[in-house]
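# Per-entry structural report
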There are 2 protein chains.
Amino acid sequence: MSVRDLGIRHFAALCAVVDEGTFAKAGAALGFSQSAISQQIGAIERAIGAPVFDRLGGARRVTLTPAGRILVDHAELVLRQLAEADDELERLAAGTEGTIVVGTFQSVSVKVLPEAIGRIRRQRPGVEIRLVENDEQNDLVEALRSGSLDVSFVVEPIRDDAIATIRLCDDPFVALCPIDDRAVQPHPGSRRDGRRDVLPVAALNGGALIGQPDQFCGQAVDRQLRSLGTDTQYVFRSADNGAVQAMVRAGMGRAVMPFLAINPDDPDVIVADLDPPLQPRRIALAYLAGTTLAPATRAFIAAAIDVADNLSHA
Amino acid sequence: MSVRDLGIRHFAALCAVVDEGTFAKAGAALGFSQSAISQQIGAIERAIGAPVFDRLGGARRVTLTPAGRILVDHAELVLRQLAEADDELERLAAGTEGTIVVGTFQSVSVKVLPEAIGRIRRQRPGVEIRLVENDEQNDLVEALRSGSLDVSFVVEPIRDDAIATIRLCDDPFVALCPIDDRAVQPHPGSRRDGRRDVLPVAALNGGALIGQPDQFCGQAVDRQLRSLGTDTQYVFRSADNGAVQAMVRAGMGRAVMPFLAINPDDPDVIVADLDPPLQPRRIALAYLAGTTLAPATRAFIAAAIDVADNLSHA
DNA sequence: CCTTACGATAAGCTCCGCTTATGTCAGTAC
DNA sequence: GTACTGACATAAGCGGAGCTTATCGTAAGG
């Protein structure tokens, strides 16, 4: 028999008796009868094999024995610990507090993520968001599996069926062309309506290409271009989107990039739709399938969906 | 419903499941069936109103939800706390550890106490003894009542019946006389047998007396001497026993002192029994009546009794 | 002396919580 | 595809833990 066979109620009773001075008052404070307290204290004493109170008899308060003093000291800590747990659980349930660890990659970090984070910070100031940026998607997925990420931005498809995804938006591939590119055809209709110019895919054939390294979505671009019969000749590759765009600006060649990864307001390059268009990159949020997400995490996901929707319609 | 309605067993089950990975193994580790663990976890989830594990289904391990993570973190602390309590209770019961706070006063501090402390330190190196010296007995008794002392040396009688006492020894009053005192009569028989010379009480009449302040046992001395028809004329009083003895050594007068308070090996004063002898001072140990004493405290009391016995017979 | 304020104890009843046995589900092997 | 395996859930039954009310013993105080 040991202290582990007792219930929290026993410790609460013990502390209440110490606070109130008598069994009856302790019982009243806890909503029990005097007898219940007497029996609870008795159970404690049986469990530890020693009295915890000296009953002085008559109308006198009980006093702690040395063993009782030790037990009360620990019981108070235990109760405090549990109260804290209750608090934390409540805050978790309310979604007003907690830490979300979000996996991201470069292009998403620039446009979607900051806005989503901003919303959470405004709505739920107590929620802390930690970011893990890694352009190697496998690493993000692995981090999800190991639990070190709560949720992560990814590019679909994800093979791993331990991972569930929520689609956010399609990110179209666009061509980045030097400002004097003759192959670019003005968009049929007004330039003012926000539609982009068009670059026939055939124009890429044999031309100089700048792009992202193979392991990023550069791979998908190559595959698609090749299947459209276009021979790709890379003159430069960089994981830094800004660097790619700067190369185009310098007239070194054209680039085919996901729209979210580029700066569309750059006046020194032409951003053109491809004709025919490539299959867009599907941006999604991923998390461990079958797991319960914290309310704060769900709120983040909702915010990201909303931000992505707005972004798509613009 | 709250976490306070749960038992320690529930927390143990929770931690076991986290450690073992499955309900069945956790049950085996704790000596329960798989079903019991399932029901215990179910009880936890009912108590906090949220799942603590995600059951992925099939032959896969359960994984913690955010709420489960919070609860486990606190549960581990709680269990550690309780294990510590168990340890401390065991050490208390064994009497090998703990702190005893002992009240003392000057004369006892010199002869009885050091020996008793030495024994405890040898027998129980883990026990710490703290001393509170106070020559005002009321203060010691008050400290006992308030619980700031575990046990205290006192001089009987103690009026307060909330205080229990254990008699240690009788401390006789002896006369301290200057080396050339003519009133001292050699002890009838050999001086070598350790018996002391004798001073008739009548010799004190009208002579110069040195003694302790009124509030110490000086009061008892005065009362007894007066009742024997002796007129006491104090020329000096000091709470410092060494000072009293030095005054006698300087020939300033005689003193009547408790034997334990003097240095009997001083060659420059005569230590004499009084004739008739005064009622001796009864030295006792006092503690709060009706309270359970820690084993270490009981050991100290036993040691003190033993030391006092040896001292009496010597 | 009687009252008051305590705690202990007894009797009874409820409900918690264990066990065994069975159900259900998802992978896995052949 | 079918059977098997490993994992959790659920049902039924039973024993005991624990609460309540009621009563008793004891010491302090008017």
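Let us look at the structure shown here. (Residues numbered from 1 in each chain as written. Chains lettered and ligands numbered in written order. Predicted model: local features only at pLDDT ≥ 70, side-chain atom pairs only at ≥ 80, totals over all residues.)

### Focus on the interface of chain A and chain B
How big an interface is tends to be reported as the loss of accessible area on association of its parts. Counting residues at the interface gives 34 residues for chain A, matched by 34 residues for chain B. Breaking the side of chain A that touches chain B down by element, the ones donating at least two residues are α1 (8-20) and α4 (66-94) of chain A. When residues in the side of chain A that touches chain B are grouped by element, the largest group, 16 residues, is from α4 of chain A. (Contact = placed C-beta atoms within 7 Å. Helix = DSSP H or I, 4+ residues; strand = E, 2+ residues; numbered from the N terminus.)

### What about the sheet that holds strand β11 (residues 254-258) of chain B?
Residues and elements named next belong to chain B. An order of β8-β12-β7-β11-β9-β10 is seen for the 6 strands of this open sheet, with the pairing classed as mixed. One side of each edge strand has no neighbouring strand; the edge strands of this open sheet are β8 (197-200) and β10 (233-237). The mean inter-strand angle of the sheet, taken between neighbouring strand axes irrespective of direction, is 40°. Looking at chain direction, strand β9 (residues 208-211) and β11 are connected through 2 bridges and run parallel. Note on β11: the bridge partner recorded for L209 is R254. (Pairing = 2+ DSSP bridges. Axes fitted to C-alpha atoms, helices over the stretch in contact; angles between N-to-C directions.)

### Quick word on the sheet that holds strand β5 (residues 151-156) of chain B
To summarise the sheet geometry, strands pair through backbone hydrogen bonds and adopt either a parallel or an antiparallel arrangement. All names here are of chain B. The 5 strands are arranged β4-β3-β5-β13-β6 in an open sheet whose pairing can be described as mixed. Either end of the sheet is taken by a strand with one partner, and the two such strands are β4 (127-133) and β6 (163-171). The sheet shows a mean angle of 25° between the axes of neighbouring strands, direction not considered. Note: β6 against strand β13 (residues 281-288), 8 bridges, orientation antiparallel. Residue D171 lies in a different strand from β13, and its bridge partner there is R281.

### So, the relation of the copies chain A and chain B
The operation relating chain A to chain B is a screw motion whose rotation component is 180°, with 0.0 Å of axial translation and a residual RMSD of 0.1 Å. Read as a symmetry element, the transformation amounts to a two-fold axis. Among all C-alpha atoms of chain A, that of G7 of chain A lies closest to the rotation axis, at 2.0 Å. (Least-squares fit on C-alpha atoms with pLDDT ≥ 70 in both.)

### Points about α1 of chain A
Residues and elements named next belong to chain A. For α1, with 13 residues, the first-to-last C-alpha span of 18 Å sits near the 18 Å given by 1.5 Å per residue. Tucked into the core, α1 has its buried residues touching α2 (23-30), α3 (34-48), β2 (63-64) and α4. G21 lies just past α1 and shows a positive phi near 95°. (Expected span 1.5 Å × (residues − 1).)

### Observations regarding helix α6 (residues 137-146) of chain B
Residue and element names in this part refer to chain B. For α6, the full list of buried residues reads L140, V141 and L144. Each buried residue of α6 sits inside an arc of 95° when the element is viewed along its axis, so together they form one side. Counted as exposed and oriented over 90 degrees from the buried face of α6: N138 and S146. Each element contacted by the buried residues of α6 is listed here: β3 (98-104), β5, β6 and β13. Following α6 by one or two positions, G147 adopts a phi angle in the positive range, close to 90°. (Buried ≥ 20, exposed ≤ 12 C-beta atoms within 10 Å, placed from the backbone. Arc of directions from axis to C-beta.)

### As for the pairing of β3 of chain B
All names here are of chain B. Among the 7 residues in β3, 5 count as buried, and that is most of the element. Handedness of the β3-helix α5 (residues 106-123)-β4 crossover: right-handed. With 2 bridges joining them, β3 and β5 adopt parallel strand pairing. Its bridge partner being in β5, V102 is matched across the sheet by V151. (Right-handed = clockwise from strand over helix to strand, strands pointing away.)

Just distances and angles here, no functional claims.
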